[in-house]
Amino acid sequence: MQQQKKTLLLTGASRGIGHATVKHFHAAGWKIYTASRQSWVEECPWAEGLLNHIHLDLEDIDEIHRSLPMIKNLLGGRLDALVNNAGISPKDAAGGRLGIRATDYATWMKVFNVNLFSSAILASGLFDELKACQGNIINVTSIAGSRVHPFAGAAYASSKAALSALTREMAHEFGPAGIRVNAIAPGEIETSILSPGTAEIVDRSVPLQRLGKPEEVAALVWFLCTQGASYINGAEIQVNGGQHV
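Just so it is clear, the model here is predicted, and its values are computed rather than measured.

K.L.:
So what exactly am I meant to see when it comes to the side chain of Ser-67 here?
P.N.:
Note that Ser-67 resides in helix H3 (residues 61–75). Here the side chain of Ser-67 touches Glu-63 through a polar contact of 2.9 Å, landing on its backbone oxygen.

K.L.:
Explain the nonpolar core here, please?
P.N.:
One broad trend across soluble globular proteins is that nonpolar side chains are buried collectively. Counting residues in each nonpolar core, the largest one holds 34 residues, and the members touching the most others are Leu-9, Ile-71, Leu-82 and Ile-137. Of all the secondary structure elements, the ones that give two or more residues to this core are strand S2 (31–36), H3, helix H4 (105–125) and helix H6 (154–174). Residue contacts for Leu-9: discarding those within four places in its chain leaves Tyr-33, Thr-34, Ala-35, Ile-54, Ile-71, Leu-79, Ala-81, Leu-82, Val-83 and Leu-126. Leu-8, Ile-17, Ile-184 and Leu-224 belong to the second largest nonpolar core, which has 21 residues in total.

K.L.:
Sorry, what's going on with the sheet that holds strand S3 (residues 53–55) here?
P.N.:
The strands making up a sheet are joined through hydrogen bonds of the backbone, oriented either antiparallel or parallel. The sheet built from 7 strands is open, its strands ordered S3-S2-S1-S4-S5-S6-S7 with parallel pairing. The open sheet has two free edges, formed respectively by S3 and strand S7 (236–239), since each of these has just one partner strand. Strand after strand, the sheet turns through a mean of 20° between neighbouring axes, direction not considered. Against the sheet, helix H8 (residues 214–224) makes contact with strand S4 (81–84), strand S5 (136–140), strand S6 (180–186) and S7, and its axis sits at roughly 170° relative to S6, the strand it touches most.

Cut-offs applied
- Residues numbered from 1 in each chain as written.
- Predicted model: local features only at pLDDT ≥ 70, side-chain atom pairs only at ≥ 80, totals over all residues.
- Heavy atoms only, no water.
- Helix = DSSP H or I, 4+ residues; strand = E, 2+ residues; numbered from the N terminus.
- Polar contact = N/O pair within 3.5 Å; in protein donor to acceptor, adjacent residues only side chain to side chain.
- Core = buried A, V, L, I, M, F, W, Y, C linked by side-chain atoms within 4.5 Å.
- Buried < 20%, exposed > 50% of the residue type's maximum accessible area, 1.4 Å probe, protein only.
- Contact = heavy atoms within 4.5 Å.
- Pairing = 2+ DSSP bridges.
- Axes fitted to C-alpha atoms, helices over the stretch in contact; angles between N-to-C directions.

Note that all results are geometric; they support no functional claim without further evidence.
Here it is as structure tokens:
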């Protein structure tokens, strides 16, 4: 009997780390579902990408709850990996970071809905599907969750720190069901939305003296979903060329 394809659900797949992760898992033969409020990008080179894309506004918590039955139906009772990759980091009118005094309540809620609460709701809502195949949850946090960053604002940094704590809570609660939960914390990764001044951060703060590549993060996500990582649970792995030291 042909082995059933493993299944990935990933949020925020339209660019950068998310896009690289989807490409990596697709090359390995996984069935992939993506979820975001953006349309599926045409640069993605497989026909089923559009068919398996779920339009889901992670800022709208009610919409997530309404969409869960549809997502569960698509998955057919099994989910091998849930990657909570979506994240937003609002800027001020000049493109600078938003501090505490410049962040209104609506912005706080928008950031936390996308960066934190949606991850908890998806993980909880898809618990049975993950348990069915002793799957994995990977939460994408950030170096900004553990230190003040010149570009990441207060709401973004706080949400990523909270996502680190949520990872530990999930690992503790879901572990007895055979579900492993880990986080990866990228630093300066080469994507299309790098902020001006990133080169100076790399020169000053990154021992490897270069930007990370999205594929280097995607490879770690993949590893955490393999047998080689079968005893890794509740970890947050820094992917930043040594920037955190």
